[in-house]
Amino acid sequence: MVWETRKILGDDSIQVNPTAVRVPVFYGHSEAVHLETRRKLSAAEARQLLEAAPGVEVVDERSGGGYPTPVTHAAGTDAVYVGRIREDISHPRGLDLWIVSDNIRKGAALNAVQLAELVVKAGS
């Protein structure tokens, strides 16, 4: 996850401290993401940015079941689901997110197709 993040974003100076957990589900990746921004970004601002991002679905209700899971949201879909968006109490510019997707549908192959579509569209 460390090297993939740096490779995808093209920045070897990015510092990440990931934790991977294997949970027995048929389809789905889940990640607890803790990030720092250059400037303070509130949870509400982050939510607005994520809601506007193509391919991202925000599921972030402050109630039981108000967050995405691989089984209830991601399985069989192409979207990336984000929830539990909150400001990190351990860092003044930190955010915490819970992210899930169907690893069979949303992964290297679909990402490659979507990037190719963007390249074709940009060339038009």
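Here's what I pulled together on the structure shown here.

Procedures and definitions
Residues numbered from 1 in each chain as written. Predicted model: local features only at pLDDT ≥ 70, side-chain atom pairs only at ≥ 80, totals over all residues. Heavy atoms only, no water. Buried < 20%, exposed > 50% of the residue type's maximum accessible area, 1.4 Å probe, protein only. Helix = DSSP H or I, 4+ residues; strand = E, 2+ residues; numbered from the N terminus. Pairing = 2+ DSSP bridges. Core = buried A, V, L, I, M, F, W, Y, C linked by side-chain atoms within 4.5 Å. Contact = heavy atoms within 4.5 Å. Arc of directions from axis to C-beta. Patch = residues over 30% accessible without salt bridge, like charges linked within 9 Å, V, L, I, M, F, W, Y side chains within 5 Å. Areas by Shrake-Rupley, 256 points an atom, 1.4 Å probe, with all protein chains shown as cover. Salt bridge = Lys/Arg side-chain N within 4 Å of Asp/Glu carboxyl O. Axes fitted to C-alpha atoms, helices over the stretch in contact; angles between N-to-C directions.

### Here we look at the pairing of strand 4 (residues 94-101)
Move 1: For strand 4, a buried count of seven out of eight residues is recorded, marking the element as mostly surrounded by other parts of the structure.
Move 2: One ladder, built from eight bridges, connects strand 1 (residues 29-36) with strand 4; its direction is antiparallel. Following the sheet pairing, alanine 32 is matched in strand 4 by tryptophan 98.
Move 3: When strand 3 (residues 80-87) meets strand 4, the two strands line up antiparallel, connected through six bridges.

### So, the nonpolar core
Move 1: In terms of nonpolar packing, the biggest core is built from twelve residues, these being Val33, Leu41, Ala43, Ala46, Leu50, Val56, Val80, Val82, Ile85, Leu95, Leu97 and Ile99.
Move 2: Breaking this core down by element, the ones donating at least two residues are helix 2 (43-52), strand 3 and strand 4.
Move 3: If we ignore the near neighbours within four places in the chain, the residues touching isoleucine 85 are Ala43, Ala46, Arg47, Leu50, Val58, Asp60, Arg62, Asp96 and Leu97.
Move 4: One finds Ala74, Ala79, Tyr81 and Val100 within the second-largest nonpolar core, a separate group that totals five residues.

### Points about the environment of alanine 75
Move 1: Along the polypeptide, alanine 75 turns up in the loop between helix 3 (70-74) and strand 3.
Move 2: With 26 residues separating them in the primary sequence, alanine 75 and serine 101 have C-alpha atoms 7.3 Å apart.
Move 3: Setting aside residues up to four positions removed in sequence, alanine 75 forms contacts with Pro70 and Asp102.

### Quick word on helix 2
Move 1: The complete set of buried residues in helix 2 reads Ala43, Ala46, Arg47 and Leu50. Buried residues in helix 2, looked at end-on, bunch into an arc of 100°, giving them a common side. In helix 2, the exposed positions angled more than 90 degrees off the buried face are occupied by Gln48, Leu49 and Ala52.

### Re a nonpolar patch on the surface
Move 1: Where nonpolar side chains cluster on the molecular surface, the patch consists of Phe26, Tyr27 and Ile104 and spans about 420 Å² of accessible area.
Move 2: Following the sequence through the fold, phenylalanine 26 ends up in the loop between helix 1 (2-9) and strand 1.
Move 3: Overall, phenylalanine 26 belongs to the exposed group, its relative accessible area being 80%.

### Considerations on the sheet that holds strand 2 (residues 56-58)
Move 1: If you walk across this open sheet you meet the four strands as 1-4-3-2, and the pairing is mixed. The strands lining the two open edges of the sheet, one partner per strand, are strand 1 and strand 2. Strand after strand, the sheet turns through a mean of 30° between neighbouring axes, direction not considered.
Move 2: Pairing geometry for strand 2 and strand 3, over three bridges, is parallel. Each bridged residue has a counterpart across the sheet, and for valine 56 the counterpart in strand 3 is valine 80.
Move 3: Running over the sheet, helix 2 touches strand 2, strand 3 and strand 4 and is turned about 165° from strand 3.

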